[in-house]
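Observations on the model geometry
Okay, here's what each chain looks like letter by letter:
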Amino acid sequence: MSSEPVDAESKVSGNQANIPARIRRELGIDDGDQLRWHLEEDGSIRVQVVQQRSGTFADFDGYDGEEETDATTDHDAWGVETE
């Protein structure tokens, strides 16, 4: 058994484990966040928290076209052909 101090403990139930509240608060883990598990060569586990991106533009990476735009003049005309 390790002599390192224990931050928190939880039990496994049906292949699921709860994350202790103190750990969730300290790491800012919320519903929808993902955990990436890494098994180290020494048998220890490293967990990376991936925060959920949410909102209307969560998956929007921005305009990546070749044409320069000006939002103040082009806003209402975007995609509208003029004669």
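Residues numbered from 1 in each chain as written. Predicted model: local features only at pLDDT ≥ 70, side-chain atom pairs only at ≥ 80, totals over all residues. Heavy atoms only, no water.

Thoughts on the environment of Trp37
This is how it is decided: Under the scheme used here, helices are H or I runs from DSSP no shorter than 4 residues and strands are E runs no shorter than 2 residues, and both carry numbers assigned from the N terminus. Residue contacts follow a heavy-atom distance rule, with two residues in contact if any of their heavy atoms lie within 4.5 Å.
Mapped onto the fold, Trp37 is located in strand β3 (residues 34-39). In sequence terms Trp37 and Val49 are twelve residues apart; their C-alpha atoms lie 9.1 Å from each other. Apart from the residues lying within four places of it in its own chain, the contact partners of Trp37 are Ile45, Arg46 and Val47.

Points about the pattern of salt bridges
It is possible for side chains bearing opposite charge to pair when their charged atoms get close. To keep things clear, this is the line we draw: Counted as salt bridges are all cases of a side-chain nitrogen of Lys or Arg within 4 Å of a carboxyl oxygen of Asp or Glu. Remark: exposure states derive from per-residue accessible area (1.4 Å probe, protein chains only) relative to the maximum for the residue type, with buried under 20%, exposed over 50%, and partly exposed in between.
For the structure shown, the criterion picks out three salt bridges. Residues Asp7 and Arg22 are paired through a salt bridge, measuring 3.9 Å at the closest nitrogen-oxygen approach. Here Asp7 is found in the segment before β1 (12-13), whereas its partner Arg22 is found in helix α1 (residues 21-27), with 15 residues between them in sequence. Its relative accessible area of 59% is what places Asp7 among the exposed residues. Across the pair Glu40 and Arg46 runs a salt bridge, and its minimum N-O distance is 2.8 Å. Relative accessible area serves as the criterion here: at 29%, Glu40 is assigned to the partly exposed category. Accessibility expressed as a relative area gives 45% for Arg46, which makes it partly exposed.

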